[in-house]
Amino acid sequence: MKRRRALIVLAMLAVLALLSLLLSLAVGSVALSPGAVLAALFGEAGHGLNAGQVGADSMAREVVLNLRLPRALAAFACGGLLALAGALMQVLLRNPLADPYVLGISGGAAVGALAAMLWGVGMGLGLGAAAFVGAMAAMGLVFGLARGDGSWTQTRLLLTGVIIAAGCGAVVALMLSLAPDRQLRGMLFWLMGDAGEAVAPLSALMILLVGLAVAMYFSRELNLLTRGPLLAATLGVNVTRLRLILYFLASLLTAAAVTNIGSVGFVGLVVPHLVRLLLGNDQRLLLPAATLAGATLLTLADTLARSIIAPQQLPVGVLTALIGVPVFLFLLARSPRGGPT
Amino acid sequence: MTAALLETHDLAVSIGGKQVVHNLCLTLAPGERLAILGRNGVGKTTLLHTLAGLRAPEAGEIRLAGDRYDTLGPRCAARLRGLLAQHQGDAFDASVLETVLVGRHPHLSRWDWESAADEHMAHAALAAVGLAELAQRSIHTLSGGERQRVALATLLVQQPRVYLLDEPLAHLDLNHQIAVLQLIARRVHEEHAALVMVLHDVNLAAHFSDQALLLQGDGKHELGTSRTVLDAASLSRLYGYPLREMGDEQNRWLAPEIATPALQNRVADNASGSTALRETPM
């Protein structure tokens, strides 16, 4: 019966997520009806009776499939990636205040991306690759240093990660101060997060699906890990292996998101919290629910970011915070359990 | 004769360069209860975790129902032995019922959710520790003693054959101390399980155990039936503080000598133990 409740909740969240995708495909400089969006997505070209109708149809098709869909999918996938990575980091560090960036993954990605921009690499695949390399370097560095003495404690991991993140922050600040003015705006936008320049939305979506499947495979063991490594080990969990899997999984998910849309803040910290306030801390429900909620939030935020003061665009990270903060505070205020911890 | 549930052969355990025990050979048959006693910091918890297979021994071997931990694997081991740890870390909130259901983990296959039968078992375990009406409460709102009893309920639904309890009476008031020990003793008797517990109360240890293991702190140990090992002389030596035996043939009680200035001097004089208790007289 608990399982049935979980499935109902997830089905509702999935419907919301699909509606947010539909909305983001419909809204823009050319407003489309939901029917037109669906026709553009699934209909065949050249169905119309007259030439004008065909022209409008193909225009809508062009807008939906080539302009809006990649961007909406990128926002959707990365929102899910960040929320899932945040939820996993919170379990790994057994700290409800952990977010996907706490261990320096986004810092590494930012160093990689900004260095590439300074070298003159434009937006696109090269930039994404540089960000990914930076993220992987940070992940390897934190892993190697945290494991230095053979132990693998969460305090040592957290300290190492926070210090590497701080170091990356300093390097980013250094590069920003050295950068010529004409590059500065692009760099700042990358740092704040921008779904318009996503390099590989489909691969992000694939990584999200695989990552979620792996996380769900271990979800009950993750429940035990939240209650402490000793209890988990007593109940038959291989704690060291599970924590390594968790670290690499959360890091890869974060790297995939940051590579595509930059360091969008807030989603990874607050969406898992929000879901925990509403649905409790059972990872079997929390992980997929946070993924869907994160995807929905970032899709809506990106839609607003490109349409509020169109044709100008806002950084999507600003909007995730502007939507998320009041929602979160409202839920916290009426939470019967008296806190998210 | 059934096989022993827990056996060690020439077991040696050390932590941080300090020897906890060596050459420990103990055998616990179904229904048998062992109490471990020793001063703070001699390694009682370390030994218990070693017996639970959570850390490797320095030498020797441990057999759980005839098998070594490395052939059993963590999951099978979790169905055979359960540990009540000294501390419960609750980083995240959860209900009492959810916390108890965690103990069913080793009995569920990977994609299973807890069934109605599991929930029924959890409610029964909560009733057994006297917390039936708290099932929906948040664990963050419990007192220390209530949290300890929730941890015990979690252990009960795990249904192990060997119960390893690390200070099961911590935070409990007097009536619950007795109730918990009686509950565990009944379980062990009914299910032909075995029990190892770290205790600080020598009288409760004498009453609720068949064997006793005294850890001296220098790697030496004393192991035997509780009746022979738990006497005033051994325990006075163990704690470095004089105890007096009282009672008749049926009931023995061991009590610390009341601290008088004269006794304090005596304790100070033969203070072989650096941590001998020194209380100022009222």
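Keep in mind that what you see is a predicted model, and the values were worked out from it rather than measured.

Side note on the overall build of chain B
Part 1 of the argument: Across its full length, chain B carries 10 helices and 12 strands.
Part 2 of the argument: A compact globule built from 282 residues would reach a C-alpha radius of gyration of about 19 Å, and chain B, at 20 Å, matches this within 12%.
Part 3 of the argument: With respect to the three principal axes, the spread of C-alpha positions in chain B is 65 × 45 × 40 Å.
Part 4 of the argument: With 282 residues in all, chain B has 41% of them scored as buried.
Part 5 of the argument: Long-range pairs, those at least 24 residues apart, make up 64% of the contacts in chain B with a sequence separation of at least 6.

Comments concerning the overall build of chain A
Part 1 of the argument: What chain A contains, in helices and strands, is 14 helices and zero strands.
Part 2 of the argument: For chain A, the C-alpha radius of gyration of 21 Å lies close to 20 Å, the compact-globule estimate for 341 residues.
Part 3 of the argument: Counting every position in chain A, which comprises 341 residues, the buried fraction comes to 50%.
Part 4 of the argument: Residue pairs in contact within chain A that sit at least 24 positions apart in sequence constitute 76% of those at least 6 positions apart.

Side note on the sheet that holds strand β9 (residues 211-215) of chain B
Residues and elements named next belong to chain B.
Part 1 of the argument: Spatially, the six strands line up as an open sheet ordered β6-β7-β8-β4-β9-β10, and their pairing is mixed. On the outer flanks of this sheet lie β6 (81-84) and β10 (221-225), each paired with one strand and no other. Strand after strand, the sheet turns through a mean of 15 degrees between neighbouring axes, direction not considered.
Part 2 of the argument: Sheet analysis places strand β7 (residues 162-166) next to strand β8 (residues 194-198), joined by five bridges and oriented parallel. Counted as the bridge partner of Y163 is L195 from β8.
Part 3 of the argument: Sheet contacts for helix α1 (residues 44-51): β4 (33-38), β7, β8 and β9; angle to β8, the most-contacted strand, approximately 155 degrees.
Part 4 of the argument: Set on the sheet, helix α5 (residues 144-158) makes contact with β6 and β7; between it and β6 the angle comes to about 180 degrees.

Regarding the packing of helix α5 (residues 125-146) of chain A against helix α11 (residues 239-261) of chain A
Residue and element names in this part refer to chain A.
Part 1 of the argument: One way to put it is that α5 packs onto α11 with a least axis distance of 9 Å and a crossing angle of 155 degrees. What the angle tells us is that α5 and α11 run roughly antiparallel. Note on packing geometry: the crossing formed by α5 with α11 is right-handed. Each of G128, A131, F132, A135, M136, M139 and F143 in α5 lies in contact with α11, whose residues at this interface are Y247, S251, A255, V258, T259 and N260.
Part 2 of the argument: For the contact of α5 with α11, the class distribution of residues is nine nonpolar, four polar and no charged.

Side note on the nonpolar core
Part 1 of the argument: Residues C78, L81, L84 and L88 of chain A together with I36 of chain B are the most contacted members of the largest nonpolar core, which totals 192 residues.
Part 2 of the argument: Looking at which element gives the most residues to this core, the answer is helix α3 (residues 51-92) of chain A, with 19 residues.
Part 3 of the argument: Those residues in contact with L88 of chain A that lie beyond four places of it in its chain are A215, L246, L249 and A250 of chain A.

Looking at the interface of chain A and chain B
Part 1 of the argument: Listed as interface residues are 22 residues of chain A and, on the opposing side, 20 residues of chain B.
Part 2 of the argument: For the side of chain A that touches chain B, the elements supplying multiple residues, two or more each, are α1 (2-26), α9 (219-226) and α10 (229-234) of chain A.
Part 3 of the argument: Grouping the amino acids of the side of chain A that touches chain B by side-chain chemistry returns seven nonpolar, nine polar and six charged.

Focus on unusual backbone geometry
Residue and element names in this part refer to chain B.
Part 1 of the argument: For N23, which is not glycine, the phi torsion reads 55 degrees and is therefore positive.
Part 2 of the argument: Here N23 lies in strand β2 (residues 18-24).
Part 3 of the argument: Unlike most non-glycine residues, H192 shows phi in positive territory, near 50 degrees.
Part 4 of the argument: Take H192: it is sitting in the loop between α6 (174-190) and β8.

The rules behind the values
- Residues numbered from 1 in each chain as written.
- Chains lettered and ligands numbered in written order.
- Predicted model: local features only at pLDDT ≥ 70, side-chain atom pairs only at ≥ 80, totals over all residues.
- Helix = DSSP H or I, 4+ residues; strand = E, 2+ residues; numbered from the N terminus.
- Rg over C-alpha atoms; globule rule 2.2 N^0.38 Å.
- Buried ≥ 20, exposed ≤ 12 C-beta atoms within 10 Å, placed from the backbone.
- Contact = placed C-beta atoms within 7 Å.
- Pairing = 2+ DSSP bridges.
- Axes fitted to C-alpha atoms, helices over the stretch in contact; angles between N-to-C directions.
- Parallel < 35°, antiparallel > 145°, perpendicular 65-115°, else oblique.
- Left-handed = near helix turned anticlockwise from the far one by under 90°.
- Nonpolar A, V, L, I, M, F, W, Y, C, P; charged D, E, K, R; others polar.
- Core = buried A, V, L, I, M, F, W, Y, C linked by C-beta atoms within 7 Å.

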